[in-house]
Protein chains: 2
Amino acid sequence: MISTRRAAMTLRSSLPRSVQPLARRTFSTSELIPDEPARPSVHTSTVPGPASHAASAAIDLIQDSRTHQLVVDYEKSKGNYMVDADGNVMLDVFAQIASIALGYNVPEMMSLSDDKEFMTAALNRPALGAFPPKNWAEILETGLMKAAPEGFDQCTTTLCGSSANENAFKLAFMAYKARERGDSTFTEEEMNSTMWNQSPGTPQLSVLSFTSAFHGRLFGSLSATRSKAIHKVDIPAFDWPAAPFPQLKYPLSENTEYNAAEEKRCLEEYEDILVRGKTTSPVAAVIIEPILAEGGDKHASSSYFRSLRSLAKKHGAFFIVDEVQTGVGATGKFWAHEHWDLPKGEEPDMVTFSKKMQASGIYHKKSLRPRESYRIYGTWMGDPMRALQARRLISLIDSHSLVSHTARTGTALHSSLSSIFAEAGRGIDGAQNLRGEGKGTFLSWDMKDGPQRDAFVNAMKKQGVLMGGCGERTVRLRPMLTFGEKQMGVLSEAVRETLKGM
Amino acid sequence: MISTRRAAMTLRSSLPRSVQPLARRTFSTSELIPDEPARPSVHTSTVPGPASHAASAAIDLIQDSRTHQLVVDYEKSKGNYMVDADGNVMLDVFAQIASIALGYNVPEMMSLSDDKEFMTAALNRPALGAFPPKNWAEILETGLMKAAPEGFDQCTTTLCGSSANENAFKLAFMAYKARERGDSTFTEEEMNSTMWNQSPGTPQLSVLSFTSAFHGRLFGSLSATRSKAIHKVDIPAFDWPAAPFPQLKYPLSENTEYNAAEEKRCLEEYEDILVRGKTTSPVAAVIIEPILAEGGDKHASSSYFRSLRSLAKKHGAFFIVDEVQTGVGATGKFWAHEHWDLPKGEEPDMVTFSKKMQASGIYHKKSLRPRESYRIYGTWMGDPMRALQARRLISLIDSHSLVSHTARTGTALHSSLSSIFAEAGRGIDGAQNLRGEGKGTFLSWDMKDGPQRDAFVNAMKKQGVLMGGCGERTVRLRPMLTFGEKQMGVLSEAVRETLKGM
């Protein structure tokens, strides 16, 4: 385990707050993607164009196509550039909803097709909990565990972010009841009543989440999700509490007093819910994203997050950090919660991941492993093929210093966008509330309202840039980690032109 | 769509009840697996042996290893034979908990590594709901839709069986409320209250499942699962009802009167729950496995299942058939519910699949597609790579007539096991309640109790045969579809020897 620990330390040595680019290894996209297009090229009069529309119509016979943004030629896509079904070449700063780490068809990733271990795993998917491959420990140690956040020695793998969060909830519920139970085991009444979903075997316990949070759309995760009504309406949910997430004013530097008061107010209500829950439905777990992404890229201060963590501990709730979208380098640290500077011993109890990592799961401590076996169990329990893909990704991120590269790029991009928005001079009506400074390329801003945001995103498509929205009226940037100076130039120019034309 | 329909018909032409092997194409394992071992070979004194134990110990530093049965050398495994970390060659009739369709390292599957489309999909996983690949319709039409059960024109893809079931529940809840709502849309009160998990936006609706059922272990699916207390205890669950599943006596031919009365009793209680629910928490969906597998391979008559379906319809509940374990040929039909002979127009509302298909999802009708978009949505929404793997599997199952092969093999295997159990003459104390006649190789039997079952399964390992348990005291067979006469000889001989030695 020592080598694993040491490797993890290297990965975590991401950029300090005072960025000193000259002292650091620089990265050029061509190192990993030798033949990336230099710029977008759009030749259809609408985007999506006719071929995209035709492909969507064909899909619609079998699957709902109303949510399609573009239909893609994945074989032709390269690096930061997606090629659509019409042959348009688009700079992609949405990256499959923040789920592509390095780019499309990166040669060092594609060469996994020549790797016998990878192909064996891809085409012989095991039931990992019962029949793991003989080098599974090595795959984890040299891959997912190299990227483990400080303080974690366990990694429970799953197939997606929602099930990572739901299994984290299950671990928390089991540990909560185990702590109550002490040395004794389940009572007969518990074992009988749980077969009928009744107490005491099926307990009244809850997970506390926050307004605007997104943690997935299965039944447990959806109960903790508070993004949009259309995600939740008509679906039964657990009566779990939501605490208010601070609604900060931007720029942060000009609103320190207001924001501090807002965070204080929210922390008081949060603690109040933790206390009140004890008498009805105790809060076994608190779950939070370091940046509330789907809910509109909502930020809060590191001190706010440190307080959340310590209050959870004070009131006996396990603290889960959902890094499904924020993890794997985009914020300028490998894990976004590293920005919080939590004191040693005060790490989160669990950190969940998915998306850019390709593999999904939960980092946690061994103390959370249930005393009885078969309690966190299923057929696949993760996928060695995705773990091998993650290992290669982690190694490339490390060897090309892509986390510090992204921190630097983000600083420059924030500055460039600030200038553009100031220059556009549309203030309150145009692009506003630029946020994510110091958080790598995990940047976003608001437009006046939802329709204007959608109009902006569509106009950007015509400029050959593919971006995403979130929340009510937010534009979010989620470029890949190989996004650098060149792509930033293309993006900035397109933003400038698009704002001018609106 | 016409070609797809016709292809589906061909696939469904599985074996009629009166098996006439001479009139049918026969299949020999060597067609697909030229160099499969002829028999098991065990050279360690214990199974698992020392290398398996050492690998488990290394894994245990990071993941719970207590559920390991064997650690596997997947590169060396071939066809029906698994090679373990110690080099033992085992006939595998458990197949990764019923999740390997054709065998290990089947050349016609492994050649997908030379397929550019497959590798592009494997290493550029898209957010399917937003950015599908340009030939996604074709992939579905020539793959998953070719295997669609009669009456289905939609396939919503997911990443695992649990999320297939949970998304099926969501579709049912939405359709149930849409029917109630008629032409009107959500009220403001619904949209506001659902953000706090409160009614009316978050409704009191339920999913009815059956005692001994298994539908997954996330929060919605676990609420419908009734397999074992250890799967459920300490985990909050929805207060959803469970109807009794008939406890039939075997052999079925000697207990017709008792079994008919038992099914009648269970149907009455089932209907009673459907009726009573209407006043408190209406049943929006009924979910059932064609054979309750994890719960101990519990069977019922086709007429019982037809009644379940028609009573669900009568009382306004959507009817979901969970074919995660029973689907893809093992029962001698491509889908196990085809054994029920449901009248035309009385098909299930949804059929879920995963495991052997590698791809996961829900077959359903277009009428279940929600009127509003973004209601069944997420990042990945399935995996084109797994859909391409499924397409190749479906094509090979079709071209090698593996469903009728499995029906024939199952008939012969049932007969062979009947003789062995009769010959062993241990009746009530030994192997008993052999079941699955006419259901392909989806066979099982009981041992006296749990410890004797575990002892039998462990003794079989020493004979070089890997099998699984389920329920309290059941031994289940889940061989691959390439399992045939030769492998049957090995299995039968090992069962005979093991029973003798007990």
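Everything below is about the structure printed above this text.
Given the structure is predicted, the values throughout are model-derived calculations rather than measurements.

A. Inspection of the pairing of strand S9 (residues 360–364) of chain A at higher detail. Residues and elements named next belong to chain A. Along S9, five of the five residues are buried, which leaves the element largely enclosed by surrounding structure. Neither face of S9 is exposed, since Ser360, Ile362 and His364 on one face and Gly361 and Tyr363 on the opposite face are all buried. Taken together, the five bridges between strand S3 (residues 154–158) and S9 define a ladder with antiparallel strand orientation. Bridge pairing in S9 links Gln154 to His364. Bridge analysis of strand S8 (residues 350–353) against S9 gives four bridges, and the strand direction is antiparallel. Bridge pairing in S9 places Phe353 opposite Gly361.

B. Just the sheet that holds strand S10 (residues 432–435) of chain A, in detail. Residue and element names in this part refer to chain A. Taken in spatial order, the four strands make up an open sheet running S10-S11-S14-S13, and their pairing is antiparallel. Of all the strands in the sheet, just S10 and strand S13 (468–470) have a single pairing partner and so form its edges. The sheet shows a mean angle of 25° between the axes of neighbouring strands, taken without regard to direction. In this sheet, strand S14 (residues 474–476) lies alongside strand S11 (residues 444–446) in antiparallel orientation, the contact comprising three bridges. The residue of S14 that forms the bridge with Ser444 is Arg476. Lying on the sheet, helix H14 (residues 402–424) is in contact with S10 and S11; it crosses S10 at an angle near 170°. Sheet strands in contact with helix H15 (residues 450–462) are S11, S13 and S14, and its direction is about 30° off that of S14.

C. Here's a closer look at unusual backbone geometry. Omega for the peptide link from Ser199(A) to Pro200(A) comes to 10°, which places this bond in the cis form. Structurally, Pro200(A) can be placed in the loop between helix H8 (188–194) and strand S4 (206–210). Its identity is not glycine, yet Asp297(A) carries a phi of approximately 50°, on the positive side. With respect to the element layout, Asp297(A) can be found in the loop between strand S6 (283–288) and helix H12 (302–314). For Asp297(A), a relative accessible area of 0% corresponds to the buried category. Unlike most non-glycine residues, Gln358(B) shows phi in positive territory, near 65°.

Cut-offs applied
- Residues numbered from 1 in each chain as written.
- Chains lettered and ligands numbered in written order.
- Predicted model: local features only at pLDDT ≥ 70, side-chain atom pairs only at ≥ 80, totals over all residues.
- Heavy atoms only, no water.
- Buried < 20%, exposed > 50% of the residue type's maximum accessible area, 1.4 Å probe, protein only.
- Helix = DSSP H or I, 4+ residues; strand = E, 2+ residues; numbered from the N terminus.
- Pairing = 2+ DSSP bridges.
- Axes fitted to C-alpha atoms, helices over the stretch in contact; angles between N-to-C directions.
- Contact = heavy atoms within 4.5 Å.

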